[in-house]
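A structural walkthrough
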Amino acid sequence: MQLRQLEYLVTIWDAGSFSAAAAQLYQSQPSLSQQIRALEKELGLELFERGRHGLSLTPAGRALLPHARRVLEAAREAVDAVRQVAEGRSGDVQVLTVRSMASGVLPPSAARWHAGHPGTMLRLHDFSHRRELEAATRGGYGDLSIGPRPPEWDGPVVSLGYEELVVVGSGEYDQRVPADTDELAAADWVLYEPEQGMSEVVDWLAAVLGFVPRAVARTGQVAAALSFAVEGSGITLAPGNAVPGGWIRHTRRIGPGVFREIVAYSRREPTGAVAEYRDLLLSVGLPLTRGEELPTGAVRC
């Protein structure tokens with residue numbers, strides 16, 4: 001049973017004849033009759049009777065007609081739903097990201113998106129480690145992923161800017177005086193568990209600057225590491241955008257600055273609402289630094 005055959009059945013009955021229905025559907029009458037005969041053959045029953053008083057439905061035709069109308073209406077609703085998604089009027093956009101991005105970078109874009117697309121829901125799924133994010137993206141989850149640039153990615157990648165990685169401690173620091181390598185090497189550190197993505201960032205930074213951090217505590221959460229550091233357990237490394245506003249005085253730049261590139265990437269070129277959201281990310285003014293604005297001598301992760 002084909003959707004087209006059900007459309008023919010309903011149109012013939014509403015039009016009152018095969019010839020009138022053929023004119024409405026821009027089909028030849030023989031073609032219309034052939035499709036109805038094929039449907040009757042499949043069902044094993046006749047659907048129409050032709051008599052002196054015109055066309056009438058058989059009992060089988062009367063039974064099928066309301067169901068045919070419901071199927072056609074459902075098909076129209078399905079097409080309209082897809083069009084609304086394509087036009088950004090409804091549906092959802094599933095965004096995968098790392099935890100610090102979800103809380104420290106994306107909220108301004110979420111607010112702007114809701115203001116311009118009130119019928120389209122933005123769904124954020126966050127991960128503790130960039131590798132989990134990349135694996136989920138490769139596995140077909142989500143529409144758009146936002147996080148550190150993935151190595152050897154075959155799909156489209158768009159740079160959104162750079163987040164600064166800062167050292168956080170209990171002191172109220174002079175923001176004009178950056179932390180140097182000797183200070184980092186001599187300090188006690190609040191480090192991260194391996195499943196937390198910041199763990200590999202700390203390891204990378206220590207290797208680049210040539211020191212071994214002395215661990216006094218480990219945690220799987222950036223928020224916990226910040227609390228430990230501010231309370232005096234030791235220093236820690238965190239994205240600047242993840243530090244609450246009241247704790248900015250406890251942060252320091254490392255040398256000329258250490259920055260990590262943040263990108264939007266996907267398996268294929270985004271379309272519809274997903275493309276619109278990616279474009280919004282490029283225009284909303286995220287708390288990131290553009291590549292051309294990085295300080296001279298800054299280290300890029």
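Our subject is the structure that appears above.
Residues numbered from 1 in each chain as written. Predicted model: local features only at pLDDT ≥ 70, side-chain atom pairs only at ≥ 80, totals over all residues. Heavy atoms only, no water.

**A word on the packing of aromatic side chains**
Put simply, the rule reads: Aromatic pairing here means that ring centres of Phe, Tyr or Trp (its six-membered ring) are within 6.5 Å. Orientation follows from the plane angle: under 30 degrees is stacked, over 60 is edge-to-face, and everything else is tilted. Strands here mean DSSP runs of E at least two residues long; helices mean DSSP runs of H or I at least four residues long; both are numbered from the N terminus. Exposure categories follow from relative accessible area, calculated using a 1.4 Å probe and restricted to protein chains: below 20% of the type maximum is buried, above 50% is exposed, and the middle band is partly exposed.
This model, assessed by the stated rule, comprises four aromatic pairs. Judged by centre distance (5.6 Å) and plane angle (70°), the rings of Phe18 and Phe48 are edge-to-face. Here Phe18 is found in helix H2 (residues 18-25), whereas its partner Phe48 is found in strand E1 (residues 48-51), with 30 residues between them in sequence. The class for Phe48 is buried, based on a relative accessible area of 8%.

**So, the packing of helix H6 (residues 107-116) against helix H11 (residues 272-283)**
Short version of the rule: Here, axes are lines fitted to C-alpha atoms. For helices the fit covers the stretch in contact, and angles between N-to-C directions go from 0 to 180 degrees. Each angle gets one of four labels, with under 35 degrees taken as roughly parallel, over 145 as roughly antiparallel, 65 to 115 as roughly perpendicular, and the rest as oblique. Two helices crossing with the near one rotated counterclockwise from the far one by less than a right angle form a left-handed crossing, whereas a clockwise rotation gives a right-handed crossing. Two residues form a contact once any of their heavy atoms are found within 4.5 Å.
Interhelical geometry of H6 versus H11 gives an angle of 130° and a closest axis separation of 10 Å. Our classification of the angle between H6 and H11 gives oblique. Pair H6 / H11 crosses with right-handed handedness. On H11, the residues touching Ser109, Arg112 and Trp113 of H6 are Ala273, Glu276, Tyr277, Leu280, Leu281 and Ser283.

**Things to note about the pattern of salt bridges**
Put simply, the rule reads: Any Lys or Arg side-chain nitrogen found within 4 Å of a carboxyl oxygen on Asp or Glu counts as a salt bridge.
Counted according to the given criterion, the structure contains 17 salt bridges. A salt bridge links Asp126 to Arg99, with the nearest nitrogen and oxygen atoms 2.7 Å apart. Of this pair, Asp126 sits in strand E4 (residues 120-127) while Arg99 sits in helix H5 (residues 99-104), and the two are 27 residues apart along the sequence. Of the residues examined, Asp126 reaches a relative accessible area of 35% and is grouped as partly exposed. Within the structure, one salt-bridge network assembled from shared partners comprises Arg130, Arg131, Glu134 and Glu200.

**Side note on helix H10 (residues 222-230)**
Going by this rule: Note that the arc is defined by the directions from the helix axis to the C-beta atoms.
Buried residues of H10: Val222, Ala225, Leu226, Ala229 and Val230, and no others. Taken around the axis of H10, the buried residues stretch over an arc of 125°, which confines them to a single face.

**Thoughts on the packing of helix H1 (residues 3-15) against helix H3 (residues 29-43)**
What counts is decided by this rule: Residues were grouped as follows: Ala, Val, Leu, Ile, Met, Phe, Trp, Tyr, Cys and Pro as nonpolar; Asp, Glu, Lys and Arg as charged; and all remaining residues, including Gly, as polar.
The interhelical angle for the contact between H1 and H3, taken along N-to-C directions, is 110°, at an axis separation of 10 Å. Taken together, the axes of H1 and H3 lie roughly perpendicular to each other. Seen from above, H1 lies across H3 with left-handed handedness. Residues Arg4, Gln5, Tyr8, Leu9 and Ile12 of H1 touch H3, and the partners they reach there are Leu32, Gln35, Ile36, Ala38, Leu39 and Glu42. Residues that form the contact of H1 with H3 fall into these classes: seven nonpolar, two polar and two charged.

**Brief notes about the environment of Val158**
Its place among the elements puts Val158 in strand E6 (residues 157-168). In the structure, Val158 is positioned 120 residues away from Arg278 in sequence and 8.6 Å away in space, judged by C-alpha atoms. Sequence-distant contacts of Val158, defined by excluding residues within four places in its chain, comprise Val263, Ala264, Arg278 and Leu282.

**Some points on the environment of Ala242**
Mapped onto the elements, Ala242 comes out in the loop between strand E9 (236-239) and strand E10 (251-252). Along the backbone, Ala242 and Ala102 are 140 residues apart, and their C-alpha atoms lie at a distance of 9.6 Å. In contact with Ala242, not counting residues within four places along its chain, are Val222 and Leu226.

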